[in-house]
Each structure stands twice: as structure tokens, then as C-alpha cells.
Amino acid sequence: MTVRLSSRRSRINHDVLLTKLSTIPTITNLIRGWLKAGIFEKGHILPSEAGTPQGGVISPLLANIALHGLETALLESLPKSRKPAIIRYADDFVILHEDLATLLKLKAETELWLATLGLNLKAAKTRITHTLTQHEGHVGFDFLGFTVRQFPMSNRHARLGFKTFIKPSKLSQQRHLAEMADVIHKHRGSNQTALLTALNPKVRGWTNYYRACTAKKVFDRMDSEMHWKLLRWAKRRHPHKHYGWCRDRYWLRKRERLDFCDGNATLIKYADAKIRRHVKVQGAKSPFDGDWAYWLPRLHRDPSLSERIVLLLNRQKCKCAKCGLRFRSDDLLEVHHIDRNRAQGAPDNQLSNLELLHGHCHDEVHRELYS
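This text gives an overview of the structure that appears in the document. (Residues numbered from 1 in each chain as written. Predicted model: local features only at pLDDT ≥ 70, side-chain atom pairs only at ≥ 80, totals over all residues. Heavy atoms only, no water.)

Re the overall build of the chain
Formally: We count a stretch as a helix when DSSP gives it H or I for four or more residues in a row; a strand needs E for two or more, and each element gets its number in order from the N terminus. Whether a residue is buried, partly exposed or exposed follows from its accessible area with a 1.4 Å probe, protein chains only, as a fraction of its type maximum: under 20%, in between, or over 50%, in that order. When checking whether two residues touch, look at their non-hydrogen atoms; a contact exists if any pair is within 4.5 Å. The accessible surface values rely on the Shrake-Rupley method and a 1.4 Å probe; as for residues, cover is taken only from the protein chains in view.
A tally of helices and strands in the chain yields 12 helices and 13 strands. A burial count over the chain gives 35% of its 371 residues as buried. By sequence separation, contacts in the chain at least 24 residues apart represent 56% of the contacts at least 6 residues apart. In the structure as shown, the chain presents an accessible area of about 22800 Å², 54% of it carried by carbon and sulfur atoms.

Here is the structure:
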């Protein structure tokens, strides 16, 4: 059983939050100023007596500070043999437990704990469900844009008789397609190159976010939806031409498939994104705990690193090509061109011409080259 909860961080008590922050007066006064700055809406400034600034870069951090300790309080409210699993991201969290009565008790405990901060649960996002069978008309739950569900399987395919699948939620798919349709509509008078420039970063960002889950079929569907949206865009530009002509005009056939291409740039295919399973961080491990024997092998799995850097890290075994020391998670990594960018025309960005260096080692290499 699962209870999906969400608190209203727009009602966080400022005094309680600042007391919990427990920092030096200079930072306290600065954050108090942010909290009390007010809300500008329709030409008027409204007072902000409670809550954190929605949309502000510091809002998630303040929400994490305010809700820090919630998991510990819930875990300590139950015997050790009945501990729940609690997953929280800012003010959204999920509590997992096999017993319904225990979940109801934990929900009540959560409401009492949040009341001390001036918060309450958001009814629209709070519900109890089961990941395998129906409960109150629902199966599974959505969390951070993902849908988590379990499906019955034979013992031959799953040891427990069921298997857990995490996929992009239907709502996130609809939102993304609506966003892409809006971009295409805004570029209805633009050329193909401008449209590709606007679409590719969005495709890349969406696939990078969901590539760690079971998303292959969803990516295939996204490619199909985008194909028809772009075909309608092409038909709008040439209303007197048939669809076959539009396809030949804006699509190129490469390796037995059609790519939306202007001859140079090509629309990224969702299905080309390789699924990479996330490896959960163990226990209370932190990149700042100094345990490099644990963190260094994980460095190349960091989703914030580009694919090129990941390939170079693997090739160099996480070591700097100049000093030979292992990279740490807080090091500045820079890509160095071995030929010093002296290739004719465009730079030679082939992996054979690249190596990964510390930022200071990169500066030292160039100093030696030009001294």
C-alpha cells in the first residue's frame, strides 16, 4: 500500500522556518527579506505573511529545511519491525507500507507534524493506493512525473509473482506533447532550421530525464506523435502540395528510416536515447563524506555529465590525462583538444582527439604550449 502526500509550502510559518534555519544573523535577515518581499501580481504588490517564494531558486531549499526531520519522526513513531519506506522530494513525498491501518496512522502523524510548521496536506494530491491491485478505483501512483505500478507475473518471470515498472506518467507525456505543439505552432512561419534549433533541446532534456526508467515504448510513441505534428507543420507551409511531396521536402531517408532534417541539423529521435538504469546511493552516503572509494566508480554515472564526458571518463578510468590523479565529484572537468584545435575548418571533436583534464591541469597544458 502507498500513501501519496503533498504539503502546501505556500503556508510555511516564517518564524518557525527561521528558527529551524538556526544560522548567523546576516543570513537570517537576508532570508527574512526574501520571505517578506511580497508578491507582485497584476501591477500590485501583495504582502507575503507565510510560505516560500513560489518559483524562486531558493524555494525548494527552504522547503527542504522546513520539512527536515519529518522522515525521522515518522520512522520513530513505529516499532522497528514495522518501519515504512519514505521518499521525499521537497514538499512531495510517498510513504510505502504493506498495512493499510499503519498507513492511516502515518498519515495522521504527518498531519500533526506539519501543523507545527503551519502546514497541512494538499487534498488534491493526497491519496492512498495500491501498486498491484485496485484500491478506491486507483492502481499505482504518480510521483515527480513518473508512474509506479506493479503487474502480476508468473513465478517463472518474477520471483515474487509480480514485477514493478516505472514509466513516464500520462500527464507528463501530455504536457510535453502540448509544449512541443506550442513550439511548432510558434514556428509556423519559420524555416526548418529555426524549428530544429527550438525542438532539439526540449527533446534532449525530456529523454535525459526519463531515460532511467522503462520508457522505450513511450519514446517510440513520442517519435510517432512528433512525426505527425511536423507533417502538419510542413503541410501548412505548402497547402497546395500533397503530403508525399512535403515528406520528401523535409525528411531525409537515413539507414532505412526517415529523419526530419534540413541537410545539416537533424531532429533528435526519442527512441535513440539509451535506457540507463539508476543505481541507488547506499544508506546515508554523501559526495562530501570523503569516501572516494565508493564515489569514484559512480562518478561516470552522474546524470549531470554529458555523454562525451562519460565516454572519456570510462576511457581514462576516471583519471586526469595530465597529472594521472583520480577525478573527484567536486572537481572541475574540462575537455582538451589534443591537436590544440588546429584542424582545418571546424574543430576535430572526435573522441580520439579529446582528453579529459582537471581545470587547473588544462590551464597548465595551454600555458606550456604557448610559453
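Observations regarding the side chain of Asp-259
Secondary-structure assignment places Asp-259 in strand β11 (residues 257-260). Of the residues examined, Asp-259 reaches a relative accessible area of 4% and is grouped as buried. Not counting chain neighbours up to four residues away, the residues in contact with Asp-259 comprise Tyr-250, Trp-251, Leu-252, Lys-254, Thr-266 and Lys-269.

Concerning the packing of aromatic side chains
How two aromatic rings sit relative to each other is given by the distance of their centres and the angle of their planes. The cut-off we apply is this: The pairing test for Phe, Tyr and Trp rings, Trp by its six-membered ring, is centres within 6.5 Å, and the orientation test on the planes gives stacked under 30 degrees, edge-to-face over 60, and tilted for anything in between.
Summed over the entire model, instances satisfying the criterion amount to 10 aromatic pairs. When the centroid spacing of 5.2 Å and the interplanar angle of 70° are considered together, the rings of Trp-233 and Tyr-250 count as edge-to-face. With Trp-233 in helix α8 (residues 216-237) and Tyr-250 in helix α9 (residues 243-250), this pair connects stretches of sequence that are 17 residues apart. As far as the burial class goes, Trp-233 and Tyr-250 line up, both buried.

Observations concerning the packing of helix α1 (residues 14-21) against helix α3 (residues 59-67)
To keep it simple, the criterion reads: Under this scheme, a helix contributes an axis fitted over its contacting stretch, all axes are lines through C-alpha atoms, and angles between N-to-C directions fall in the 0 to 180 degree range. Here roughly perpendicular refers to angles of 65 to 115 degrees, roughly parallel to angles under 35, roughly antiparallel to angles over 145, and oblique to all remaining angles. In this classification, Asp, Glu, Lys and Arg are treated as charged, Ala, Val, Leu, Ile, Met, Phe, Trp, Tyr, Cys and Pro as nonpolar, and every other residue, Gly included, as polar.
Across the interface, α1 lies against α3 with an axial gap of 9 Å and an inter-helix angle of 80°. By the angle class used here, α1 and α3 are roughly perpendicular. For the pair α1 and α3, contact is made by Leu-17, Lys-20 and Leu-21 and by Leu-62, Ile-65, Ala-66 and Leu-67, respectively. Residues of the contact of α1 with α3, tallied by class, amount to 6 nonpolar, no polar and 1 charged.

Description of the side chain of Gln-173
Assignment of secondary structure puts Gln-173 in helix α6 (residues 170-186). Excluding residues within four positions of it along the chain, Gln-173 makes contact with Pro-168, Trp-206, Val-218, Arg-221 and Met-222.

A few points about the pattern of salt bridges
Formally: We define a salt bridge as a contact between a side-chain nitrogen of Lys or Arg and a carboxyl oxygen of Asp or Glu at a distance within 4 Å.
Within the structure shown, the criterion is met by 9 salt bridges. Its salt-bridge partner being Asp-248, residue Arg-247 comes within 3.9 Å of it at the nearest N-O pair. Owing to a relative accessible area of 55%, Asp-248 belongs among the exposed residues under this scheme. Note that Glu-368 is salt-bridged to Lys-322, the shortest N-O span being 3.5 Å.

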